[in-house]
Amino acid sequence: MPELPEVETVVRDLRPLLVGRRIASIAVGPHALRRPWSKNWARMLRGRQVTAVARRGKWIVVHLDDGQHLVVHLGMTGQLTVAPSQLPMNNHTHWIVVLDQGYDQLRFRDIRRFGSVTRFRDTMALSKFFESAQLGPEPFEVEKPYWQKTLRRTERCLKAVLLDQRVVAGVGNIYADESLFQARLHPTLIACRLANAEQERLRKAIGVVLQRAIERRGSSIRDYIGGSGLKGKYQEEFRVYGRTGRPCLRCRSPIERIRLAGRSTHFCPQCQFPVPSSKSRVRS
DNA sequence: ATAGGCGCCTGCTGGC
DNA sequence: TGCCAGCAGGCGCCTA
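Residues numbered from 1 in each chain as written. Chains lettered and ligands numbered in written order. Predicted model: local features only at pLDDT ≥ 70, side-chain atom pairs only at ≥ 80, totals over all residues. Heavy atoms only, no water.

### Observations concerning the domain arrangement of chain A
For clarity, the cut-off: Residue ranges for the domains trace back to a domain assignment, done automatically or taken from a database. Buried area adds together the accessible area that both of two parts lose upon being put together, with accessible area traced by a 1.4 Å probe. Think of a salt bridge as a Lys or Arg side-chain nitrogen and an Asp or Glu carboxyl oxygen that are within 4 Å of each other. Polar contact is the term for a pair of N or O atoms within 3.5 Å; when the atoms are in protein, one must be able to donate a hydrogen and the other to accept it, and sequence-neighboring residues count only if both atoms are side-chain atoms. Numbered from the N terminus, helices here are DSSP runs of H or I no shorter than four residues, and strands are runs of E no shorter than two. In the scheme used here, Gly and all other residues not listed as nonpolar or charged are polar, with Ala, Val, Leu, Ile, Met, Phe, Trp, Tyr, Cys and Pro taken as nonpolar and Asp, Glu, Lys and Arg as charged.
Domain parsing of chain A yields domain 1 (4-133) and domain 2 (139-267). Using only C-alpha atoms to locate each centre, domain 1 and domain 2 end up separated by 28 Å. Carbon and sulfur atoms supply 62% of the area buried between domain 1 and domain 2, which totals about 1,600 Å² over both sides. Contact with domain 2 buries surface across domain 1, with Leu-4, Pro-5 and Glu-6 losing the most and accounting together for 32% of the total. Where domain 1 meets domain 2, there are one salt bridge. In this structure, the salt-bridge partner of Asp-13 is Arg-217, at a minimum N-O distance of 2.8 Å. At the junction of domain 1 with domain 2, the criterion picks out eight residue pairs in polar contact (both at pLDDT 80 or more). Looking at the side of domain 1 that touches domain 2, the elements with two or more residues in it are α1 (4-18) and β5 (78-84). Among the elements that line the side of domain 1 that touches domain 2, the one with the most residues is α1, at 10 residues. Taken together, the residues of the side of domain 1 that touches domain 2 break down into nine nonpolar, five polar and six charged.

### A word on the sheet that holds strand β7 (residues 104-110)
Condition: Strands pair, by our definition, only if DSSP identifies at least two bridges between them. Angles here are taken between N-to-C directions and fall from 0 to 180 degrees, while the axes themselves are lines fitted to C-alpha atoms, restricted in helices to the stretch in contact.
On the basis of which strands lie adjacent, the open sheet formed by four strands has the order β1-β6-β7-β5 and antiparallel pairing. With partners counted over all chains shown, the strands left at the sheet margins are β1 (23-28) and β5, one partner each. When strand polarity is set aside, the average angle formed by the axes of neighbouring strands in this sheet is 15°. Two strands pair when backbone bridges link them, and strand β6 (residues 93-99) and β7 are joined in this way by six bridges, in the antiparallel orientation.

### So, the protein's contact with DNA strand B
Note the cut-off: Note on definitions. A residue lies near a molecule or strand when any single heavy atom of the residue is within 4 Å of it.
Around DNA strand B lies a shell formed by Arg-34, His-92, Ile-111, Arg-112, Arg-113, Phe-114, Thr-154, Glu-155 and Arg-156. Contact between DNA strand B and His-92: a phosphate oxygen at 2.8 Å from a side-chain N or O atom of the residue. Between DNA strand B and Arg-156 there is a distance of 3.3 Å, counted from a phosphate oxygen to a side-chain nitrogen or oxygen. For the surface near DNA strand B, a count of residues per class yields two nonpolar, two polar and five charged.

### Thoughts on the sheet that holds strand β3 (residues 59-64)
Strand pairing in a sheet relies on backbone hydrogen bonds, with the paired strands running either antiparallel or parallel. This is how it is decided: Any two residues having at least one pair of non-hydrogen atoms within 4.5 Å are treated as being in contact.
Spatially, the four strands line up as an open sheet ordered β2-β3-β4-β8, and their pairing is antiparallel. Of all the strands in the sheet, just β2 (50-56) and β8 (116-120) have a single pairing partner and so form its edges. Adjacent strand axes in the sheet meet at a mean angle of 20°, parallel and antiparallel pairs treated alike. With six bridges connecting them, β2 and β3 associate as antiparallel partners. Within the sheet, the bridge partner assigned to Arg-56 lies in β3 and is Trp-59. The sheet contacts of α1 involve β2 and β3, and relative to β2 the element is tilted by about 175°.

### Thoughts on the nonpolar core
So the rule is basically this: Residues enter a nonpolar core if they are buried and are Ala, Val, Leu, Ile, Met, Phe, Trp, Tyr or Cys, with the set joined through side-chain atoms within 4.5 Å. Only protein chains enter the accessibility calculation, which uses a 1.4 Å probe; a residue whose area is less than 20% of its type maximum is buried, one above 50% is exposed, and one in between is partly exposed.
Counting 29 residues, the largest nonpolar core has Ile-60, Leu-80 and Trp-95 as its most contacted members. In terms of residues, this core owes the most to one element, α1, which gives five residues. Residues within four places of Leu-80 in sequence aside, it is in contact with Val-10, Leu-14, Ile-60, Val-72, Leu-74, Leu-106, Arg-107, Phe-108, Gly-226 and Gly-227. If you look at the next biggest cluster of nonpolar residues, it comprises 27 residues, including Val-167, Val-171, Leu-194 and Phe-238.

### Re helix α7 (residues 196-215)
The condition is simple: For a helix, the expected span equals 1.5 Å multiplied by the residue count minus one.
Here α7 contains 20 residues, and its C-alpha end-to-end distance of 29 Å stays within 8% of the 28 Å for a straight helix at 1.5 Å per residue. Buried within α7 are the following residues: Glu-198, Gln-199, Glu-200, Leu-202, Arg-203, Ala-205, Ile-206, Gly-207, Val-209, Leu-210, Ala-213 and Ile-214. Next to the buried residues of α7 lie α1, α4 (144-152), α5 (158-163) and α6 (173-182). Remark: Arg-217 follows α7 within two positions and exhibits a positive phi of approximately 65°.

### Some remarks on the pattern of salt bridges
The final tally for this structure, using the stated rule, is 20 salt bridges. The shortest N-O distance in the salt bridge between Asp-100 and Arg-21 comes to 2.7 Å. Taken together, the residues Asp-100 in the loop between β6 and β7 and Arg-21 in the loop between α1 and β1 connect sequence positions 79 residues apart. When its relative accessible area of 17% is taken as the criterion, Arg-21 is described as buried. In this structure, the salt-bridge partner of Asp-66 is Arg-48, at a minimum N-O distance of 3.6 Å.

### Structural notes on the packing of aromatic side chains
Basically, it comes down to this: Stacked, tilted and edge-to-face are the three classes applied to pairs of Phe, Tyr and Trp rings, where Trp contributes its six-membered ring and a pair requires centres within 6.5 Å; stacked means planes under 30 degrees apart, edge-to-face means over 60, and tilted covers the rest.
Tallying each qualifying case throughout the model produces nine aromatic pairs. With 5.1 Å between their ring centres and 85° between their planes, Trp-59 and Phe-129 make a pair best called edge-to-face. Within this pair, whereas Trp-59 is found in strand β3, its partner Phe-129 is found in helix α3 (residues 123-133), the two being separated by 70 residues in sequence. Like Trp-59, the residue Phe-129 is buried in the burial classification. Here the aromatic cluster, defined as three or more aromatic residues joined through ring pairs, consists of Trp-59, Phe-120, Phe-129 and Phe-130.

Here it is as structure tokens:
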């Protein structure tokens, strides 16, 4: 579920709760997550102190005082929270870090188990991992020349391009649809055929939408909660996502839903120009 | 090399 | 009421 705004919210919540705290012990459940957890990692991490909590795309990175790193991906249903140890354990909790004297725990819960928790020996191993992932720039740091060059060289539709983490890191299904609406671009438009002005509209729309979503602590549709357990509120501001058949808030046309790049895709057929034919651009 | 499809999991909803 | 298909915020592997 979680895309950049949700992951950023988790990171901001966790930072004051984790930095400076020490790992007393780690318990791992019987169910495998997406990436393997080695048995001896718990021993290697014991006694280490958290120095920083960061984010890269949809990945959460916990820095430790001896150079080791914990890297968490929330997948579709992951929840990473700090909770008092007495708080009853929810089902689907797969990974528990006991902190300091044991009063608090860092817990990873993930219903569908598409998420993962990994450990890296040092900064070198961590950067090698991110290198192989080929993550694109953070959405707020996308430069105009890079954006132009990247869009020009692919014949995929805009929806597929936005979902590609190598192009921009952190955009997922919700924010791809919302950004395309904000830019007034149809999701089936072919990336390399965009005019310069359209490229710019999209680049800016992504930033505007994600920034606003972070302000609202992300979107909680069903499972998502932040690092302190609070839900997000951006779902109240969705213009297209999940609004199939309901009137567009701008023009009242019913929002449509199609399948694109394997994902359900929502758009306003009126506000988001359909096909890039020169004819449809001519003003009457 | 690139683009699309499927599988991985569990849980919920809506139609019959 | 019960069953089953379809759907869900992600990603990685396979194939053409």
